[in-house]
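Per-entry structural report
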Amino acid sequence: MTMNRRELMETAAAAAALAAIGKLELPAHAAAPVPAAGADKWVKSVCRYCGTGCGLFVGVKDGKVVAVKGDKDNHNKGFLCLKGFLLPEIMSAPDRLLHPLIRKNDKLVPATWEEAMSLVASKFKAAIEKGGPDAVGFYGSGQALTEETYCANKLFKAGIRTNNIDGNPRLCMASAVGGYVTTFGKDEPMGCYDDIDHADVMLLVGSNAAEAHPILFQRIVRRKEAAKGTKIVVLDPRKTPTARIADLHISFTAGTDLAILNAIAHVLVKEGMVDEEFVKAHAAFGEGADANKTWEDYKAFLEAWTPEKAEEISGAKAADIRTCARWFGEKGKASLTMWTMGLNQRTKGVWANNLCHNLHLITGKIGLPGSSPLSLTGQPNACGGVRDGGALSHLLPYGRLVVNEKHRAEMEKLWGVPEGTIQPKPGLATVDLFRAVEDGKVKCLYIMCTNPGQSMPNVGRYRKALRREGAFVVVSEAFHPTRTSELADVVLPAALWAEKEGVYGCTERRYQLLEQSVKPSGEARPDFEILCDLAARLGHGKLLPFKTASDVWAELLTVCKGTAYDFSGMTRDRLKESHGLLWPLPTAGHPGTKRRYVKGDDPLVPADHPQRILFYGRPDRKAVVWLRPHQPAAEVPDAEYPLIYTTGRVIEHWHTGTMTRNCKELRHANAEAVVEMHPDDAKVLGVKNGDLAKVASRRGAETFKVRVIDGSRKGMVFVHMHDDKRLCNLPTNDAVDPISKQPEFKVCAVKVTKA
Amino acid sequence: MTVIAGVVVETLPGLAAAVAKRLGALPGLSVRGDDGDRKIAAVFTGADGAALEALGEELLRADEAIVGVFPTLVGRDG
Ligand code: SF4
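Reading guide: rules and limits
- Numbers given to residues run from 1 along each chain, matching the order in which its sequence is written.
- Just so you know, chain letters begin at A and ligand numbers begin at 1, following the order they were written in.
- Confidence filtering applies because this is a predicted model: local features only for residues at pLDDT of at least 70, side-chain atom pairs given and counted only at 80 or more, and all residues used for totals across whole chains, interfaces and linings.
- Water and hydrogen atoms play no part in the side-chain values, which are based on all heavy atoms of the structure.
- We count a stretch as a helix when DSSP gives it H or I for four or more residues in a row; a strand needs E for two or more, and each element gets its number in order from the N terminus.
- Any two residues whose heavy atoms approach within 4.5 Å are treated as being in contact.
- A cutoff of 4 Å decides nearness: a residue is near a molecule or strand if any of its heavy atoms lies inside that distance of it.
- Asp, Glu, Lys and Arg are counted as charged, while Ala, Val, Leu, Ile, Met, Phe, Trp, Tyr, Cys and Pro are counted as nonpolar; the rest, among them Gly, fall into the polar class.
- Axis lines are fitted through C-alpha atoms, for helices just across the contact stretch, and the angle between N-to-C directions can take any value from 0 to 180 degrees.
- Between 65 and 115 degrees an angle is taken as roughly perpendicular, under 35 as roughly parallel, over 145 as roughly antiparallel, and anywhere else as oblique.
- Note on convention: near helix rotated counterclockwise from far helix by under a right angle means a left-handed crossing. Clockwise means right-handed.
- Think of it in three bands: with a 1.4 Å probe and only protein chains considered, a residue is buried below 20% of the maximum accessible area for its type, exposed above 50%, and partly exposed in between.
- Pairs of N or O atoms are called polar contacts if they sit within 3.5 Å, as long as, within protein, a hydrogen donor faces a hydrogen acceptor (for residues adjacent in sequence, only side-chain-to-side-chain pairs).
- Strand pairing requires that DSSP identify at least two bridges connecting the strands.

Right, let's get into the environment of lysine 331 of chain A. Residue and element names in this part refer to chain A. With respect to the helices, strands and loops of the structure, lysine 331 is situated in the loop between α15 (318–329) and β13 (335–339). Sequence separation of lysine 331 and cysteine 506 is 175 residues, and the distance between their C-alpha atoms is 31 Å. Leave out the neighbours within four places in its chain, and lysine 331 touches Gly272, Met273, Val274, Asp275 and Lys365.

All names here are of chain A. Contacts to the ligand come from Cys47, Tyr49, Cys50, Thr52, Gly53, Cys54, Leu80, Cys81, Lys83, Gly84, Pro214 and Ile215. Contributing elements (two or more residues each) for the shell around the ligand: α3 (82–85) and α10 (214–226). Looking at the shell around the ligand, its residues break down into eight nonpolar, three polar and one charged.

What follows concerns the packing of helix α8 (residues 174–184) of chain A against helix α17 (residues 349–363) of chain A. Residues and elements named next belong to chain A. Remark: α8 packs on α17, axes separated minimally by 8 Å, with the N-to-C direction vectors making an angle of 50°. Classified by the angle their axes make, α8 and α17 are oblique. You can see that α8 and α17 cross each other, and the crossing is right-handed. In this structure, α8 contributes Ser175, Ala176, Gly178, Gly179, Tyr180, Thr182, Thr183 and Phe184 to the contact, and α17 contributes Gly349, Val350, Asn353, Asn354, His357 and Leu361. Class assignment for the residues of the contact of α8 with α17 results in five nonpolar, nine polar and no charged.

Turning to the environment of aspartate 533 of chain A, a few remarks are in order. Residue and element names in this part refer to chain A. The topology assignment puts aspartate 533 in helix α23 (residues 527–537). Taking relative accessible area as the criterion, aspartate 533 reaches 15% and is therefore assigned buried. A sequence separation of 412 residues divides aspartate 533 from alanine 121, and the C-alpha atoms of the two residues are 9.6 Å apart. Within the structure, aspartate 533 has its side chain in polar contact with the side chain of arginine 537 (distance 2.6 Å).

A few words on the sheet that holds strand β12 (residues 290–293) of chain A. Residues and elements named next belong to chain A. The three strands lie next to each other as β12-β11-β23, forming an open sheet whose pairing is mixed. With partners counted over all chains shown, the strands left at the sheet margins are β12 and β23 (623–626), one partner each. Put simply, the sheet's adjacent strands are angled 60° from each other on average, direction ignored. Relative to β12, strand β11 (residues 283–287) is paired through two bridges, and the arrangement is antiparallel. Of the residues in β12, the one forming a bridge with phenylalanine 285 is lysine 293.

Set out below in C-alpha cells:
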C-alpha cells in the first residue's frame, strides 16, 4: 500500500501523539525528515526561546529555513511547544533588519557596514580618550551564543579595560546564581531534568512552568501520570495553568514566600523529618555573609517561623504549609524543588533561593535521583554563556571574580595580556549601568541581542537615558524596530539563530551546538564577527584573532580546564555528534554528569570519597544552610498605591515578543497585554472585562485592557509581559537585591483606575 | 497549505474517555486514542498554525477538564 504525502503526515502525527501517551513506539518514519515540510536537509540545532533548551532539527530548502522538528534523541524526546514549532517564521519576518542603520537628523537611515562600524569605533575611541575606559559599557544577553558573550567580555575587560559589562541575565538568573554560590560555593544547579522522572514530590515555587517551560511541564505531567501518588505543590499567588494540575496550590501575598519556606523548614525540624547524619556531614550554617552559626542556632531561629506566623504574614493557610512540609519531608520519598522568576526577581531573591536549598540540605534530599533543588532558567543561554564568558560586571570566566587578584592573574595569563590589565573593581551592574548612561558617566553603550528599552524595570526612566543628549547607543539586533533599536544611534543587523553557529547551555548544565543552517539574511553578520571587527578597529584585534566560532570554543576549553566547571572534554566534534552534553566533562571520553557533587557521577568527586556526596565548591566542603528571615518587598501597598503589581509570561509569547510577534499565528494570540484582576477588585474599581484601566506606580503608568478572572489573587493585579505597545515595565520597581543586584520585577505597589 | 499536528490533550484524572468523546465532535480534530485516564492522542488538521493555536486556547477555555494541549509532531502539507 502506498501512502500519499498527506496520509504519511497524518500517520506520523498520530504516531507521535500516541507515543507521547505511551500507546505506541514512535515509528522510524515519524522521526525521519517530515516529507511535507519539503526540506532538502535537516540541520541539528536548539530552540531559540526558553531555558528548557529543546533540541530540534532545522529543515532547509533552497537556502531557506522551511520547517523544524523536535529531536527525539534529545531530552525533549521530539516534542516542541508551539513557539518552537513556529521558529521558521521568525527568519524571514518583515521586520528583519537587513542592513546597518545610523541616526542622521534624528532619523535612522540605511548605511554601509563601513560607515556604521567606523562611526561606532570613533565614538568609542573618543569617549575612552576623554573619560577613560569606564566611559563606555556593554550590555549583553542570555540569548547570545557562548562564543559571542566570551568575545565581548574579553574585548571589554582585557582590551578596553573596563568592567562595565553586564547583561540581561542580571534581570533573570542573578539571584539563582547568588543562591548557588552562597549555598554551594559554585554556580549552577546540581540536579537535572532526569530528576523529574524520579520525583515523588515536586514543589514549584514562583514558576508557571506550564506557560514558561511547556516541554518541562509536559515532563512533570508525564511523571505524575506514570507514578501514581506523585504530589505536586505549587506556591504561587495566582492560580496559574501550572497550579491547575497541583495537588496543593498554596496562594499567598506576593513577596511573602520567605516566611512560608521558613515555616516548611520549621515543620520539617519539629516533626523529625530532618536527616541529622547528612546535616552533620555536609551542612554548615550561616547568617548574613558568614557561615558562623550552628545547627542548634538554626533550629532556634526556626522556632519563631511557625506555619501560623507564616499564615499571618503571607495569607497562606498554616494547614497547607504543614501538608506541603509533610509531603516534602516524608522519609524515602524523592523531593524536587523547581523555581524561577517569582523567586529570582526580588530584592530578597538570593535569600529566597537559599531557603529552597535549605529544605533539601536539612532533609538530605539532595543529590539523589528525584531529589534536588533545580532552578529553571528563563533564557536559552543565560546559564552557559554568562558563566563561561564571565560577562557580568563582577565576573571573569568560570566563576572567577574581578575582585580576586589570583583570578585576575590567571585570566591575564590565559589571555596573554600584561599583569594588571584587568581592573580590580567590579563594573556597573545593569541598573547602575543604565543610571550611569542617564547621568552621563557612561557615554557609549553597546547593546547586543536584547531589548532593554522594553525589558528594564522602571523602563520609562531608562528609555529617556538612552536618548539623552551626549549618549551614544549601539544596538546589534536581528529585528528593527524594537523598543530599543528605535532609541539607538547605530543599529547593526545581526544574524539570527539558524544563520550562525555556536553553543547554548540550558537549565540542566546541558550544552548543545546550534549548527549554521542557512546564510545570514541581507547584510546581517553574526555578532561574533561584528565583535571581532570592532576589536580590530579599536586596536585590540590580537585579543580576538578568531576566524570562526569553533576557534573561540577551542580557547574556551582551555579557559575552563581545571575549574569546577570543567568541560574541556566537550570538543566541537563531540558537540556535533551528541544531542546535548552535561558538564562537568573534563576528559574526551567522559559521558557527562547528570548529578553534580555526587560520587560515581561527578568526576570532580574522588572515587574513594567516603560519602555519597562532596560539596567541593566551598573550602570547608560543606553547603551552607542560611538563617534568612522573611523581609518585605522593597515596596508594599499603602493607602495611595493599594494593590500589588506583578508581571509574567503567557505561553504564546516570549520575553519582549520581538520574535514571537513575528509569527502570524502567535501575533493574534494573547499578544496584547491585559491586566488580570480578581472579581472583587474589579467590582470595587468599577471595571469589567474589556474595559481599559490605568495601572500607575510611583514610577510610571500604563493602560491595559481588563481581564477579570478568579485565578487572580485579591489585592493583586497581573500583567502579561510581552507587549511592545503597552509596556508592563513602566510601573515596575528597579530596586535591586543587594547581593545579586537583580531588580524586583515581581512585586511593587500600584493604584488602578478606570481609564 | 495545511498544518497537520499530532496533539496530546491532557485532562483531569480519569476524564480522558469522556473528553475524547467531546473532542471527536470538533471539526479538524481526529481522536486516535486515549490512555484510559488523562491523556488523549489526536491529530489536528487546519489551515495554519493560528488555527492550531486557536483550537488549543479554545479547548482550555471551554473545557474545565482539559489541563493542557501539547502539539507533538507538527508539519505542513503543501
Ligand atoms: S519549551 Fe522552550 S525550548 Fe522547548 S520548544 Fe518551547 S520555547 Fe522552545
